[in-house]
Structure formats: C-alpha cells, structure tokens
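Fold and contact review
Chain by chain, the residues run as shown.
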Amino acid sequence: MIYLDHAATTPVPRAVAEEMFRVLTEDYGNPSSQYAYGRRAKGLVEDCRETVAQALGCEAARLFFTSCGTESDNWAFTAALWQNRRVGRHIVTTAVEHSAVLERCRWLEQDGYEITRILPDRDGNIPAEKVLEAVRPDTALVSVMLVNNETGNIYPISEIAAGLGAKNEKTLLHTDAVQGFLKVPFSAKTLGADFIALSAHKIGGPKGIGALYIGGRVRGPRALLPGGGQESGFRAGTEATAQIAGFAKATALRMENFAENLRHMAEIKAYAVERLGEISDLRFVARGTAPHVLSVSMPGYPSQNVVNELSEAGICISAGSACHQGKPSQVTAALGLEKRVAAGVVRLSFGPETTKKEIDAAADALRLHHDTRFPML
Ligand code: PLP
C-alpha cells in the first residue's frame, strides 16, 4: 500500500506502539491512586506532559491532555466564551476551519452568537489585517487555524496576536494547530495565541489523544469536564495513560529529526508538484506552503472516482476539498473555484517516511486515470 494521506492520520512507528504496550501491560496504574504504583503512573503522565510541552515551547502546567483535536478546539471555545461572557457574543473565525470549529460556530449561531467568517483569497491566504479589521468591542474570541488541512496554507497567527490588543484587549485568540504541530516551526511563545489545539494522530501518535495549551491571559480556565479533579480539575476523567505515552513518544521521535523531517517533506512536495505538473489540465489548488499538504484538481474528473480508482491500485489519497454529500467542502466553496475544478479536487499529504517512488506511483496512476477516462463534468 502507498499511503499519501498523512493529513488524515499517520502511521504509528513501532517504538510508539511498543511504548503504549509497555504502559498498558506494566504501568497500568491509575495516576490518582495513592500508592507507589499509582504515583508511578502519575509521574509518567507528567513526564509525557513535559515532553509535549517542550516541543510546543510552553510550560508543562499550561498543557492539558484531551481526547482529540476536536475536543481541544471545543474546549477553547467553552473557556473563551465563558471568560468573555460580558464582553459580547461576537466571534471572528475563517470560512476554512476544520469542522470542529465550523460546527461549533454553527451551534453558537443558533444560540444567538454572531459569527464573522473571513474568506481566503484565491491562493488560500488570509492576511492578518483582514481578521483584525473584523474585531469589534463585543468580540469574545478570534479562532484561526495555523495550517489549513486541505490546502496547506499557513495563517499569520503571531501577527493576529500582535495586533489584537489594539483592537480589543479582552478578545481571546485560539488557534487550531493540529496540522501545524511538528510540521511547521513555531512555539507557543512566538505564536502568542491564548489557546493552541494539538492532536497526536497527525504526528505518528495514536488516535484518541490531543492536548490544549491554555495561556496566562485565560483565567480559570472554565472546566471542560467537571469530575474527579484530573488535569488540574479542568478536564476530569482517568488519564488515558497509554495514549498519553504514545503521544509523548511520537513527539519525541519527531523532535529528534525535526529539521530533517521538514526538509524531507518539502522536498517530497516539490517533487510531487513537478511530477503532477506533467499531467495536462491538472491544476494546483491554493498555494499552501506547509510542507506536507498538496491539493490539486483534475477539472471534470470527480474526485471520488479518482480516489476510488487509486484505492484499487493500492494508493491512498483523499478527496480533500471535494464533495461532502454532493456539495463542495467549505474550503473549496470559500476558495471560489469554478464548479468543474472544485469537483475534481484531491489532496495528497506526506510524512517523513514518504518516498519519491511513492510519488511516482501516484503521479502515474493519476495520469492513467486522466488519459483513460472521459471527463464527466
Ligand atoms: N483540526 C484540524 C485542522 C484537523 O486536520 C483535524 C483532523 O483532521 C482536527 C482538527 C481534528 O482532530 P482529531 O481527529 O484529533 O479530533
């Protein structure tokens, strides 16, 4: 199998799985238990927190484990809107966020919040000024992702953070960095956001574990899950020790070769651009500069057909910005692509293990699909 869908999820290295197995079988104590075996599990969780916090460039006390990136995004909203409940009921976000944010905003709209959704330009970019212009005296939260999962566009979070105080010093800033963590260089300090959402399964960790950084401007914070006092009382529930250990191990592995991983993914992406560019009619969608995501379209060739055909050849790519139940995704819609282009969008995404040979196989399969099928739209 050729796996070119690393933005969807990533393969788990053996060392990560082995560490999880070790914790499940040898270190299965409950971190809340009072005896030494429980304290050992607690120590493990805190060591793991330290590992992930170091990679994010923040104090361990500011990092909370959650069950996934989606939960982290939702908690950021809960905490920010609670803190700023008297500031107002206006939120600024973008039209190209992950559904975790888009759907939360849709809910909030039904509850009477006003949402301003900033559109990207044709290249998928969103300048900081466009976001800042939308901030008002009643803006409780600005939520802008760090790296777009469909186009690889990197958004100017530190510029937004730097300009936000002048617009409204109370407004809090959340960034969904699920696609940015260990894929583009940044730290909690340089970013300046009040909340940063992470997810382990995008970096070689297991599914079902994420984290939320909560900065010093956030008071409390508002608990997500009240209960038995875990995660400093803010996100209760017995710690998922094996998942946490897997998250930390994956983080440590990616950190070991951080610069080399980024360089390799960028080289793979450049090679993919070169090889796919040989297919006549193929268009590149947006101009995302993150090293691991590339969206292209074969106008007139419905993306689901392309994905299915490559799947039969043992190649996994995603219908990225493509149709959700017959409708283009929010991202495709927001980019304003013409219908034939929008319907043909597929996403290839890469990891540190991706090889040029795999890119060759995908490029050949795409070309074959293009040359042997009639366009349908
Ligand atoms: N945010 C972004 C940008 C993502 O790409 C994803 C996963 O696809 C998520 C959030 C959700 O993360 P999780 O699958 O851990 O809930």
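Residues numbered from 1 in each chain as written. Predicted model: local features only at pLDDT ≥ 70, side-chain atom pairs only at ≥ 80, totals over all residues. Heavy atoms only, no water.

Some points on the state of the cysteines
Test applied: A pair of sulfur atoms, both from cysteines and within 2.5 Å, is called a disulfide here.
With the rule as written, the count across this model stands at zero disulfides. Cys48 forms no disulfide, and the closest cysteine sulfur to it belongs to Cys58, at a distance of 14 Å. There is no disulfide at Cys105, and the cysteine sulfur nearest it, in Cys68, is 17 Å away.

Digging into the pattern of salt bridges
Applicable threshold: Within this document, salt bridges are pairs made up of a side-chain nitrogen of Lys or Arg and a carboxyl oxygen of Asp or Glu, the two lying within 4 Å of each other. Every helix listed is a DSSP run of H or I at least four residues long, and every strand listed is a run of E at least two residues long, numbered separately from the N terminus. When accessible area is computed with a 1.4 Å probe and restricted to protein chains, residues below 20% of their type maximum are described as buried, those above 50% as exposed, and intermediate ones as partly exposed.
Applying the stated criterion across every chain, the model contains 23 salt bridges. A salt bridge links Arg235 to Glu71; the shortest N-O distance between them is 2.6 Å. Here Arg235 is found in the loop between strand S8 (210–214) and helix H8 (241–256), whereas its partner Glu71 is found in helix H3 (residues 69–83), with 164 residues between them in sequence. Taking the relative accessible area as the measure of exposure, Glu71 reaches 14% and is therefore buried. Arg106 is paired through a salt bridge with Glu103; the nearest N and O atoms lie 2.7 Å apart. With Arg106 and Glu103 both in helix H4 (residues 99–110) and three residues apart, the pair spans about one turn of that helix. The exposure class assigned to Arg106 is partly exposed, which follows from its relative accessible area of 40%. A relative accessible area of 32% places Glu103 in the partly exposed class. If you follow the salt bridges from partner to partner, you end up with Glu19, Arg22, Glu26, Asp27 and Arg40 in one network.

Quick word on the domain arrangement of the protein
So the rule is basically this: Domain start and stop positions are those given by an automatic or database domain assignment. Any two residues whose heavy atoms approach within 4.5 Å are treated as being in contact. Note on definitions: buried area is the accessible-area loss of two parts on being combined, 1.4 Å probe, summed for both. Two N or O atoms form a polar contact when they lie within 3.5 Å of each other; inside protein one atom must be a possible hydrogen donor and the other a possible acceptor, and for residues adjacent in sequence the pair counts only when both atoms belong to side chains.
Partitioning the protein into domains gives domain 1 (2–10 + 258–372) and domain 2 (14–255). If you average the C-alpha positions of domain 1 and of domain 2, the two centres end up 27 Å apart. With 29 residues of domain 1 in contact, the opposing surface of domain 2 contributes 30 residues. For the pairing of domain 1 and domain 2, the buried interface totals around 2400 Å² over both sides, and the portion due to carbon and sulfur atoms is 52%. Looking only at domain 1, the three residues that lose the most surface to domain 2 are Thr10, Phe258 and Val331, adding up to 22% of its buried area. Linking domain 1 to domain 2 there are one salt bridge. A salt bridge links Arg287 to Asp123; its shortest N-O distance comes to 3.6 Å. If you look at where domain 1 meets domain 2, you find 18 residue pairs in polar contact (both at pLDDT 80 or more). Every element with two or more residues in the side of domain 1 that touches domain 2 is listed here: helix H9 (258–276), strand S10 (293–297) and helix H11 (330–335).

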